[in-house]
Amino acid sequence: MLFWRVKPLEKILETAEKKALTRQLGAFQLTMLGIGAVIGTGIFVLTAEAGQKAGPGLMVAFVIAAIVCALAALAYAELAAMVPVAGSAYTYTYGVLGELLAWIVGWALVLEYAVAAGAVAVGWSGYMNGLLDSAGYGLPMALKAGPQAGGVFNLLACVISLVITGLLVLGTSKSAWVNAVLVTMKIVALIVFISIAVPASQDTNFQPFFPTGWGSPMGGVGVLGAAASIFFAYVGFDAVSTAAEETKNPNRNIPIGLIGSLVICTIFYMLVGYGAVGSMGAQPLFDAAGAAIAPGSKEFAAACALPANAEALVCSHEPLAHVLRVLGWDWVGNAIGIVAALALPTVILMMIYGQTRIFFTMSRDGLLPARLSKVHPKFHTPHIITMITGVFVALFGALFPVGMLADISNSGTLFAFIMVAVGVLILRKKQPNRPRPFKTPFVWVTCILAIAGCILLFVNLSGYTIGLFFGWAAIGLVVYFLYGYKRSHMIPGNEPQDDGDSMPPEPKFHEGPQA
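Residues numbered from 1 in each chain as written. Predicted model: local features only at pLDDT ≥ 70, side-chain atom pairs only at ≥ 80, totals over all residues. Heavy atoms only, no water.

Student: Which residues make up the overall build of the protein, and what values go with them?
Tutor: Within the protein, the regular secondary structure consists of 19 helices and zero strands. The long-range fraction of contacts in the protein, counting pairs at least 24 apart against all pairs at least 6 apart in sequence, stands at 82%. (Helix = DSSP H or I, 4+ residues; strand = E, 2+ residues; numbered from the N terminus. Contact = heavy atoms within 4.5 Å.)

Structural data, given as structure tokens:
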């Protein structure tokens, strides 16, 4: 039963609106595409979170997360090249492992997209609140953060999510030139930060280097716990993987683009981490028993409210801008805050867009109500599922802290990548002669290491996060057996009627997970 109702890849490709694409991307273009897709949200938002979990050891966490991402990306690229259609890991799993596991993956992708959008919204609100405070128009604390972060309702995170949802209903997307401008702004902002913070570093701020150790399973702290969180900073690397069919000599250029972009981003991240830690320190806050306080908890909010911790990096909701302000570069800190305020909303847009694309695909397969895939007659967008998704994203952002949302998002992403790597190995055995525009190098070693790496990060999330993941999965199984099990279009007689509804193509250049 576990591997039943496998949707033939031929059927997936037939039903996809697939067009032949010109092979025009080389290794350099792929590397630049990967850098643009990866650099952004995580480094602007999660530096403080990683500092609380690992202290100066967060720099090692960046490397660990990058290695796992590289392995997963190499596996992802093979299926992306074979099945270049909407639905990503959900579609790949449907064509290899069958409907039940595909449903679980699709259900888990809600965590990757919708919850991640909420995390970015919270990160955006942190920088926006910092700008408002510096201008003398700060909101009361009750409206700056959710209940667990010392507030009541994160107003700005809620508002930005609803505004972007409205824009998506109207059919707004991010253009290539806007993407290029924002990527350039982010890279320039990071270079400016590095040029100021690194020279101000002091050796004493790196001692001790591993204040919380390597971590332990379900502990959520230590270097591995930080790597499990900072994994969020690399999500988006699959932009390179999914460009395989547009790449010249993909078996050579895809690995170069993937590894090259991840190496460059990791160097950037380590320099940012070095500057942040070295210039003002990033030692975690500990409780009376000597254990690191869980970031995003009420206890952590209370510790950060103490005057002695007012300027602690690990307590900041806008870590990069905060570092520069503490160093006396207020106007540069504000400038970085403005860059984050301009760039992060487009990430929220693409994540909500990706979530609607997943739901749209699942609805078209009969696993969710057909009404969800209805397209607005005027705007030509899936307005119903977009509005539902947007409301939940707004609530996530309003009520939960960024670190908790990022970790929950990572749990779904890691599970999806595990399934993709398993799928690559199964297809290599079951359909060895199927054309593959890109082949994962050393496939058995690469995929097994990718699976092991994803499991390593998954088990080093907090026990609370892992419990939420399995609870969410259990709810998904109930929904599947109550609805999708009997209405799947894989059952003879349940084939859909063509109603003419179709979604506009996904923007070619994007940041965040690939839908």
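Student: Hey, could you go over the state of the cysteines for me, with residue numbers and the actual values?
Tutor: All chains considered together, the criterion is met by one disulfide. Sulfur-sulfur distance for the disulfide between C304 and C315 comes to 2.0 Å. Across the S-S bond of C304 and C315 the torsion is about -80°, and the bridge reads as left-handed. One end of the pair, C304, is in helix α13 (residues 298-304); the other, C315, is in the loop between α13 and α14 (319-326), with eleven residues separating them in the sequence. By relative accessible area, C304 is classed as buried at 17%. (Disulfide = S-S within 2.5 Å. Buried < 20%, exposed > 50% of the residue type's maximum accessible area, 1.4 Å probe, protein only.)

Student: Which residues make up the packing of aromatic side chains, and what values do they have?
Tutor: The full count for this structure, using the stated rule, is 20 aromatic pairs. Geometrically, the ring pair formed by W107 and W472 is stacked, given 4.4 Å between the ring centres and 10° between the ring planes. Of this pair, W107 sits in helix α7 (residues 99-134) while W472 is found in helix α19 (residues 463-487), placing the two residues 365 residues apart along the sequence. A relative accessible area of 12% places W107 in the buried class. Its relative accessible area of 25% is what places W472 among the partly exposed residues. One aromatic cluster is present, formed by W103, W107, W472, Y480, F481 and Y485 through successive ring pairs. (Phe/Tyr/Trp six-rings, centres within 6.5 Å; stacked < 30°, edge-to-face > 60°.)

Student: Describe in detail the confidence of the model for the protein, supporting the description with residues and values.
Tutor: Counting all residues, the mean pLDDT for the protein is 84, and 87% of those residues have values of 70 or more. Ranking the elements of the protein by mean pLDDT puts helix α1 (residues 9-15) last with 63 and helix α18 (residues 443-459) first with 96. Low pLDDT, under 50, characterises residues 17-21; the stretch is placed with seven contacts to residues that sit more than four places away or in other chains. (pLDDT = per-residue confidence, 0-100.)

Student: Which residues make up α19, and what values do they have?
Tutor: The end-to-end C-alpha separation of α19 is 35 Å, in line with the 36 Å expected for 25 residues at 1.5 Å each. Taken as a whole, α19 carries its principal kink of about 50° at Y480. Listed as buried for α19 are T465, I466, F469, A473, G476, Y480 and G484. Residues of α19 that are buried in the fold lie against α7, α17 (402-430) and α18. (Expected span 1.5 Å × (residues − 1). Bend = angle between axes of the 7 residues up to and from the residue.)

Student: Which residues make up the environment of F153, and what values do they have?
Tutor: Tracing the backbone shows F153 in the loop between α7 and α8 (155-169). Overall, the relative accessible area of 27% leaves F153 in the partly exposed class. The residues contacting F153, other than those within four sequence positions of it, are A142, L143, K144, A145, G146, C158, A398 and L399.

Student: An account of the side chain of S161 is requested, with residue identities and associated values reported.
Tutor: Within the secondary structure, S161 sits in helix α8. Under the relative-accessibility criterion, S161 is labelled buried at 0%. One polar contact links the side chain of S161 to the main-chain carbonyl oxygen of A157, over a distance of 2.8 Å. Not counting residues within four places of it along the chain, the set of residues in contact with S161 comprises A121, I352, G390, V393 and A394. (Polar contact = N/O pair within 3.5 Å; in protein donor to acceptor, adjacent residues only side chain to side chain.)

Student: Any details on the pattern of salt bridges? Residues and values, ideally.
Tutor: Under the defined criterion, the tally for this structure stands at five salt bridges. Salt bridges sharing common partners tie together E78, R428 and R436. (Salt bridge = Lys/Arg side-chain N within 4 Å of Asp/Glu carboxyl O.)

Student: Run through the environment of I43, naming residues and quoting values.
Tutor: Mapping I43 onto the fold places it in helix α3 (residues 41-45). Accessibility expressed as a relative area gives 0% for I43, which makes it buried. Considered as a pair, I43 and F62 are 19 residues apart in the sequence and their alpha carbons are 10.0 Å apart.

Student: Go over the nonpolar core, please, and point to the residues and values.
Tutor: Judged by nonpolar contacts, the single largest core of 152 residues is most densely connected at F44, F193, Y234 and Y269. When residues of this core are assigned to their parent elements, the largest contribution, 23 residues, is made by α7. Beyond its immediate sequence surroundings of up to four residues, Y234 is in contact with V38, F62, A65, A66, C69, L262, T266 and Y269. If you look at the next biggest cluster of nonpolar residues, it comprises eight residues, including L285, I293, F300 and A303. (Core = buried A, V, L, I, M, F, W, Y, C linked by side-chain atoms within 4.5 Å.)

Student: Describe in detail the packing of α17 against α18, supporting the description with residues and values.
Tutor: The packing of two helices is summarised by the inter-axis angle and the distance between the axes. Two elements in contact, α17 and α18, have axes whose closest approach is 9 Å; the angle formed by their N-to-C orientations is 160°. When the axes of α17 and α18 are compared, the pair comes out roughly antiparallel. The way α17 lies across α18 gives a crossing that is left-handed. Here α17 contributes S411, L414, F417, I418, A421, V422, V424, L425, R428 and K429 to the contact with α18, which in turn contributes V443, W444, C447, I448, A450, I451, C454, I455, L457 and F458. Considered class by class, the residues forming the contact of α17 with α18 number 17 nonpolar, one polar and two charged. (Axes fitted to C-alpha atoms, helices over the stretch in contact; angles between N-to-C directions. Parallel < 35°, antiparallel > 145°, perpendicular 65-115°, else oblique. Left-handed = near helix turned anticlockwise from the far one by under 90°. Nonpolar A, V, L, I, M, F, W, Y, C, P; charged D, E, K, R; others polar.)

Student: Hey, could you go over α7 for me, with residue numbers and the actual values?
Tutor: For the α-helix, the turn length of 3.6 residues means that residues three or four positions removed from each other point alike. Counted at 1.5 Å a residue, the expected span for α7 with its 36 residues is 52 Å, and the 52 Å between its end C-alpha atoms agrees. A bend of about 25° at A116 is the largest found in α7. Taking burial as the measure, the 36 residues of α7 include 32 buried ones, the bulk of the element. Backbone geometry just after α7 places G136 at a positive phi near 85°.

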